[in-house]
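Summary of structural features
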Amino acid sequence: MQKSVVQKEIYLIALLLYLVLWLINRNYTALFLKSSIGLNYWILDIIIIAPLLFQLFFNNKVGWFFILILLLAHMFWAIIKTYESSDSDFVSYIIIVLLYLIPFTVMYYLYPKKLRK
């Protein structure tokens, strides 16, 4: 099986997992409420779903880079929120970094490379 097919399957699994969790948690009831960053939840859903759909169909570096930027922003947001909490310690930062190693490793595998013939 070609790597690009496996990559598209991973994006499909990520999209389906996001949608299933969205339905299980009944996030559709809060679509027009404001999130903690001031955007409506439906906008955040589009920001997450659009690059996954883009990569599912096109699988190029632009979509990959956008997903990487979202992942980095989420990681920094988690670090900032941990820093702002009153009970944060050094171990919390280590746990955050270790947890983000998993998606960054997957993102490394998902980098679309052109195969030379």
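The coordinates are above.
Residues numbered from 1 in each chain as written. Predicted model: local features only at pLDDT ≥ 70, side-chain atom pairs only at ≥ 80, totals over all residues. Heavy atoms only, no water.

What about the environment of Tyr-93?
Mapped onto the fold, Tyr-93 is located in helix 4 (residues 90-110). For the pair Tyr-93 and Ala-78, spaced 15 residues apart in sequence, the C-alpha separation works out to 9.2 Å. Setting aside anything within four residues of it in sequence, one finds Tyr-93 in contact with Ile-79, Thr-82, Tyr-83 and Ser-88. (Helix = DSSP H or I, 4+ residues; strand = E, 2+ residues; numbered from the N terminus. Contact = heavy atoms within 4.5 Å.)

Comments concerning the side chain of Gln-7
Relative to the helices and strands, Gln-7 resides in helix 1 (residues 3-24). One polar contact links the side chain of Gln-7 to the main-chain carbonyl oxygen of Tyr-109, over a distance of 3.1 Å. Of the polar contacts made by the side chain of Gln-7, one reaches the backbone oxygen of Leu-110; its length is 3.3 Å. Apart from the residues within four sequence positions on either side, Gln-7 is in contact with Asn-59, Tyr-109, Leu-110, Tyr-111 and Pro-112. (Polar contact = N/O pair within 3.5 Å; in protein donor to acceptor, adjacent residues only side chain to side chain.)

Quick notes on the packing of helix 3 (residues 61-84) against helix 4
Across the interface, helix 3 lies against helix 4 with an axial gap of 11 Å and an inter-helix angle of 175°. Here helix 4 runs roughly antiparallel to helix 3, going by the angle between their axes. Residues Trp-64, Ile-67, Leu-68, Leu-71, Leu-72, His-74, Met-75, Ala-78, Ile-79, Thr-82 and Tyr-83 of helix 3 form the contact with helix 4, whose own contacting residues are Ser-92, Tyr-93, Ile-96, Tyr-100, Pro-103, Phe-104, Met-107 and Leu-110. Across the contact of helix 3 with helix 4, the residue classes break down as 16 nonpolar, three polar and no charged. (Axes fitted to C-alpha atoms, helices over the stretch in contact; angles between N-to-C directions. Parallel < 35°, antiparallel > 145°, perpendicular 65-115°, else oblique. Nonpolar A, V, L, I, M, F, W, Y, C, P; charged D, E, K, R; others polar.)

Side note on the environment of Tyr-108
Within the element layout of this structure, Tyr-108 appears in helix 4. It is 9.8 Å that separates the C-alpha atoms of Tyr-108 and Trp-64, two residues lying 44 residues apart in sequence.

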